Amino acid sequence: MTSGKKTKAARSSVAAARSSVVAKKPKPWGTILAVVVVLGLAAGVFGYAYVQIDAKNDREAALARWNPSEENKDPSDGIQGVLKKEYEAGKHVTADQRVAYDITPPIGGPHDGVWAVCSGVVYETAVRTENMVHGLEHGAVWIAYNPDQVTGEALDKLKAKVDGQQFTMMSPYPGLDKPISLQAWGHQLKVDTADDERIDQFIQSLRRNQYTYPEVGATCDSSTFDVTNPPAFVAEAPGPDAVPMDGGTTDPSETGGTEGATDAPATGAPATDAPAASETPGTAPSN
């Protein structure tokens, strides 16, 4: 009996010792903290993604009213400050000619037979205007900015609207009378800041809007235009030999909105007896 009692007492002692060891074992606070941190980061990432997606959906919903349709062919009519003008399409000039444009930057009229690539290109240097105008004829939106007034964060915001976006292009425009000017064929909007909501409204309304540009179906890519070394912008006003707004050589392949336009250079002869550019206020000529 005594032996049995001792064995039972020994077992109880061992169990108590084990319980004491378990009780004294520290909790893995480091592991717990690491798990909490990971869960917190995951929640933050998912929360940020949700907010971003929600904000994007809100922006898209807000821009929906600016989508062209059969009932609303030109939504830009509802944008305050948009200038509109009619121009004859398919009129070309050669690489050595300049046009006495009636609006700065121009939004239509005679242009070079080779268009500036407008497939989401952000040009770091100012580009010859006659090439840029041809891109407008293909349905592109051109964002021009005054490099002395738009820099840093504002410039980055504009680039984000253009970079990689088909039928959109952007370039500095020295001497521009406003910080930012947006051009589509026959349309223009000038704004003071990159945060102006009308920028997105203009792009949504007019970029490749089949009802507002003449050469429907034309491409923005060009095998004969060097994006890395584009024709240079000329700041000086055109001389008396500049091609007038009703001049240029008609390209039959472009009139009537013919699809599949090529980028072959124009062959029109220089206009030597063209009148000088208009000096009417508000319609200063460009290069």
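Residues numbered from 1 in each chain as written. Predicted model: local features only at pLDDT ≥ 70, side-chain atom pairs only at ≥ 80, totals over all residues. Heavy atoms only, no water.

## Structural notes on the overall build of the chain
Phase 1 of the analysis: Looking only at helices and strands, the chain has 5 helices and 9 strands in total.
Phase 2 of the analysis: Taken from N to C terminus, the helices and strands of the chain fall in the order α-α-β-β-β-β-α-β-α-β-β-β-α-β.
Phase 3 of the analysis: Relative to its full complement of 287 residues, the chain shows a buried share of 42%.
Phase 4 of the analysis: Put simply, the chain shows about 15,500 Å² of open surface, and 56% of that area lies on carbon and sulfur atoms. (Helix = DSSP H or I, 4+ residues; strand = E, 2+ residues; numbered from the N terminus. Buried < 20%, exposed > 50% of the residue type's maximum accessible area, 1.4 Å probe, protein only. Areas by Shrake-Rupley, 256 points an atom, 1.4 Å probe, with all protein chains shown as cover.)

## Some points on the pairing of strand β7 (residues 180-184)
Phase 1 of the analysis: The element β7 is extensively covered by neighbouring structure, given that 5 of its 5 residues are classed as buried.
Phase 2 of the analysis: Of the two faces of β7, both are covered, the one formed by Ile180, Leu182 and Ala184 as well as the one formed by Ser181 and Gln183.
Phase 3 of the analysis: Relative to β7, strand β5 (residues 141-145) is paired through 4 bridges, and the arrangement is antiparallel. For tyrosine 145, the partnering residue across the bridge sits in β7 and is isoleucine 180. (Pairing = 2+ DSSP bridges.)

## Some points on the state of the cysteines
Phase 1 of the analysis: Taken as a whole and judged by the stated rule, the model has 1 disulfide.
Phase 2 of the analysis: With its sulfur 1.8 Å from that of its partner, cysteine 118 forms a disulfide with cysteine 220. On the S-S bond that ties cysteine 118 to cysteine 220, the torsion sits near -100 degrees, and the link is left-handed. Taken together, the residues span a long stretch of sequence, with cysteine 118 in the loop between β3 (111-112) and β4 (119-122) and cysteine 220 in the loop between α5 (198-206) and β9 (249-250) at a distance of 102 residues. For the pair cysteine 118 and cysteine 220, a shared accessibility class is recorded, and that class is buried. (Disulfide = S-S within 2.5 Å.)

## Side note on the sheet that holds strand β1 (residues 83-84)
Adjacent strands of a sheet form backbone hydrogen bonds with each other and so pair up, either parallel or antiparallel.
Phase 1 of the analysis: The 6 strands are arranged β1-β8-β7-β5-β6-β4 in an open sheet whose pairing can be described as mixed. For this open sheet the edge positions go to β1 and β4, each flanked by a neighbour on one side alone.
Phase 2 of the analysis: As paired elements, β5 and strand β6 (residues 168-172) share 5 bridges and run parallel to each other. Bridging across to β6, isoleucine 143 finds its partner in methionine 170.
Phase 3 of the analysis: On top of the sheet, helix α3 (residues 129-137) reaches β5, β6 and β7; it is set at about 160 degrees to β6, its chief contact. (Contact = heavy atoms within 4.5 Å. Axes fitted to C-alpha atoms, helices over the stretch in contact; angles between N-to-C directions.)

## Thoughts on the environment of glutamine 188
Phase 1 of the analysis: Relative to the elements of secondary structure, glutamine 188 occurs in strand β8 (residues 187-191).
Phase 2 of the analysis: Glutamine 188 sits in the buried class, given a relative accessible area of 5%.
Phase 3 of the analysis: In this structure the C-alpha to C-alpha distance between glutamine 188 and proline 106, which are 82 residues apart in sequence, comes to 8.5 Å.
Phase 4 of the analysis: A polar contact is formed between the side chain of glutamine 188 and the side chain of glutamine 183, at a distance of 3.2 Å. (Polar contact = N/O pair within 3.5 Å; in protein donor to acceptor, adjacent residues only side chain to side chain.)

## So, the sheet that holds β9
Phase 1 of the analysis: Strand order in this open sheet of 3 strands is β3-β2-β9, and the pairing throughout is mixed. The open sheet has two free edges, formed respectively by β3 and β9, since each of these has just one partner strand.
Phase 2 of the analysis: As paired elements, strand β2 (residues 91-93) and β3 share 2 bridges and run parallel to each other. The residue bridging valine 93 from the neighbouring strand is aspartate 112, located in β3.

## Examining the side chain of lysine 161
Phase 1 of the analysis: Secondary-structure assignment places lysine 161 in helix α4 (residues 152-162).
Phase 2 of the analysis: Here the side chain of lysine 161 touches aspartate 200 through a polar contact of 2.9 Å, side chain to side chain.
Phase 3 of the analysis: With residues near it in sequence (within four places) discarded, lysine 161 still touches Thr168, Ala194, Ile199, Asp200 and Arg207.

## Remarks on the pattern of salt bridges
Phase 1 of the analysis: The full count for this structure, using the stated rule, is 14 salt bridges.
Phase 2 of the analysis: Two residues, lysine 84 and aspartate 74, come together in a salt bridge whose shortest N-O distance is 2.8 Å. Placement of lysine 84 in strand β1 and of aspartate 74 in the loop between α2 (29-63) and β1 is noted, with a sequence separation of 10 residues between them.
Phase 3 of the analysis: Assessed through its relative accessible area of 10%, aspartate 74 is described here as buried.
Phase 4 of the analysis: As a salt-bridge pair, arginine 198 and aspartate 196 come within 2.7 Å of each other at their nearest N and O atoms.
Phase 5 of the analysis: Residue classification places aspartate 196 among the buried positions, given a relative accessible area of 17%.
Phase 6 of the analysis: By sharing partners, the salt bridges in this structure join Asp74, Asp77 and Lys84 into a single network. (Salt bridge = Lys/Arg side-chain N within 4 Å of Asp/Glu carboxyl O.)

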